[in-house]
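One-letter residues, chain by chain:
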Amino acid sequence: MAGRNNGPNGNSYTAKDITVLEGLEPVRKRPGMYIGGVDSAGLHHLVWEILDNAVDEAMNGHASRIEVMLHNDGSTVTVSDNGRGIPTDMHPKFKKPALELILTTLHAGGKFEGLNYSHSGGLHGVGASVVTALSDRLVARVKRGGVEWEQKFARGKAISALKEVNQVRGSGTTITFHPDPEIFPSITFKPKLIAERLETKAYLHKGLTLIFRDQATGEESKYHHEDGLRAYLAQLLVEGQKKAVIPEVFTLEREDEPPLECVLTWTESPEESFHTFVNGIPTPFGGTHEAGLKSAIVKAVRNYINVHDLTPKGLTLTAEDTREGIVAILSLYLKEPQFQGQTKEKLGNPEVTAQIDTLVRTALENFLLHNRSQADAIAQRVILAAKARSASRAALETVRKGSVSHRLNLPGKLADCSSTSPEMSELFIVEGDSAGGSAKQGRDRIFQAILPLRGKVLNTEQASLSKVLTNKELSDLVSALGCGVDKSFDLSKLRYHKICLLMDADSDGNHICTLLLTFFYRHLLDLIRGGYVYIARPPLYKIEIGKEVFWANDDTEKDRLLAQRNGHAGKAQVQRFKGLGEMNPHTLKETTLDPRSRTLLRVTIENVERTEASIQTLMGRDVQPRFEFIMNRAPKVEEVDV
Ligand code: 1YM
């Protein structure tokens, strides 16, 4: 790991370096000023404070391993590192050991005055003493110079003298603390939150090993990433089920002023996501550094597209288009970070924007110049975003223009009904042209419209919004419905109050039906919620017994019918329809289209979580859950249609 700085005195720290002294009463009186609040975030801030001191020691090149343990009680935490150990020598003026001064006086400096990239600033770096102030028990153990020292504290005060406890080898600092219940209404730490924080630190400081132990469960996790931010980016893509559109990631690493590391890639996802850090501290609200990064990306990509004249005629690229799908991580080190906002999670240093803008833009332009195929893939991704944006705006405008001009925009293959009253109009979405033909002939053209779909529809669970909106089958469907999608959705413009999915009664038909329902669920949820979406049930069997004709939707129904009629009227003739295309228009009308004799199943959502989980399992990018789903059910299935 790269040691960034050895501090004002290098290793030769002495107690006289500690300058400012102030008691801890103010911290106990107004804890919010120091840790943001006494809620769960404030409680965890105590851990981050101690952890960040250990990470600083590692960043400065003196520690390589940090361990955090959550004790059995869920409210005591131990943090330890294998650094130099907090100094224990006696301060000549205050006649107290340095360790005691550091842990019992506010802003006991030395460390924070002039030391380059400690985590100091904002709520962070308020010092370990804040943790002492807000704990009813704190024990510090320091291994230094062959001796292990120990001192105990409570509510900001030393309750024992610093004493030698062991002869040891090696060096390091271990701090165990229990937050004061007088201060915190609840003192239950969240193991997951701590583990996540450690994992992020491992990505930010490559080579550093961080270990988390949860004594209650006996679980232990070890975090170590030689690949740093690149590994972090890979992890973010897996977590978000995002697929990159370029094989490489853009990487920028800079050791001199200001030290900075940046990795980014474009994905198919419709969102942009920026993860920024200053001095190893997350800045979830962004700030000046993030603004610089964003403007650099926009400039570099626009420049490439303009120089190579790649923009299709009539299309303009906005800043958002150039960033759609981006996943970016920026880690920056500043000597004097100014944090802003209620929770101090936003960077305010104004000079940083232009610095980052210049640095990243130059490097990204270079990357694009030397990686032509990737640069072109990025350009295409950006152009797709712009097209999708203008397509959805066009769709919205068509909707706004009202029904007369809207009719002019209806897809060519739609056989519309003559009624203009949505309440009585029905749209049948039919699989394939031949079934579409039968349906067109069998329908009542006054109130029934037919939209034939060709082949399989796009799986919208795995595609970006831009892909969805530029997909021909789906955009035809959206134009036919008239109500727009997502943000431009307007229920009052819906042209049919019954939308019926009419598919073959086989596995392909079921698959298309699932794909369409996924699209409705993700982009037209209000149509399902409003009860406008139906599944039409064409029969699978025609059973003729003598002069009587029966229809059966599945094998069970067919068998029941045959059993009931057995011996009644001669031999039964059973016909199994291979697909809707085989049905003549009259049969289709009688069994499936005619409101007097058809069966329509209304699509409803009974349980949002279960629906969500099913869609992710069946339609998501991750193959494993789907594989498990199939394998769990395989034994119960007699016949598999492949
Ligand atoms: C489990 C928490 O606090 N480790 C730690 C802290 C310090 C040092 C080493 C350290 C720093 C320096 C010199 C220096 C701290 N030192 C100070 C102060 N782990 C944990 N490990 N020698 C040791 O920065 O010059 C505050 S924290 F104030 F002494 F500099």
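Before reading further, recall that the structure is shown in the block above.
Rules behind the numbers
- Residues numbered from 1 in each chain as written.
- Predicted model: local features only at pLDDT ≥ 70, side-chain atom pairs only at ≥ 80, totals over all residues.
- Heavy atoms only, no water.
- Salt bridge = Lys/Arg side-chain N within 4 Å of Asp/Glu carboxyl O.
- Helix = DSSP H or I, 4+ residues; strand = E, 2+ residues; numbered from the N terminus.
- Buried < 20%, exposed > 50% of the residue type's maximum accessible area, 1.4 Å probe, protein only.
- Contact = heavy atoms within 4.5 Å.
- Phe/Tyr/Trp six-rings, centres within 6.5 Å; stacked < 30°, edge-to-face > 60°.
- Lys NZ or Arg CZ within 6 Å of the ring centre and 35° of its normal.

**Observations concerning the pattern of salt bridges**
Okay, step 1: Counted under the stated rule, the structure contains 37 salt bridges.
Okay, step 2: Residues R28 and D180 are paired through a salt bridge, measuring 2.9 Å at the closest nitrogen-oxygen approach. You can see R28 sitting in helix 1 (residues 25-29) and its partner D180 sitting in the loop between strand 7 (172-179) and helix 6 (191-204), a full 152 residues away along the chain. A single burial state applies to R28 and to D180, both of which are buried.
Okay, step 3: With a shortest N-O distance of 3.0 Å, K201 and D52 are connected by a salt bridge. Of the two residues, K201 sits in helix 6 while D52 sits in helix 3 (residues 40-59), which places them 149 residues apart along the sequence. As far as the burial class goes, K201 and D52 line up, both buried.
Okay, step 4: Several salt bridges converge on common partners, so that one network encompasses R28, R155, D180 and E182.

**Quick look at the environment of L103**
Okay, step 1: Within the secondary structure layout, L103 lies in helix 4 (residues 98-104).
Okay, step 2: Residues L103 and F153 lie 50 residues apart in sequence; the distance between their C-alpha atoms is 8.5 Å.
Okay, step 3: Residues in contact with L103, not counting those within four places in the same chain, are L24, A128, S129, T132, L138, A140, F153 and I175.

**Brief notes about the packing of aromatic side chains**
Okay, step 1: Going through the model one piece at a time under the given rule, you end up with six aromatic pairs.
Okay, step 2: For the pair Y203 and Y232, a centre-to-centre distance of 4.7 Å together with 10° between the ring planes defines the contact as stacked. Here Y232 lies in helix 7 (residues 228-239) and Y203 lies in helix 6, a separation of 29 residues in the sequence. No difference in accessibility class separates Y203 from Y232, as the two residues are buried.
Okay, step 3: A relative accessible area of 9% places Y232 in the buried class.
Okay, step 4: Aromatic rings pair up to connect Y203, Y232 and F277 into one cluster.
Okay, step 5: Taking NZ or CZ as reference, K294 lies 5.0 Å from the ring centre of F274, over its face.
Okay, step 6: Lying across the ring of Y541, K558 places its NZ or CZ 4.7 Å from the centre.

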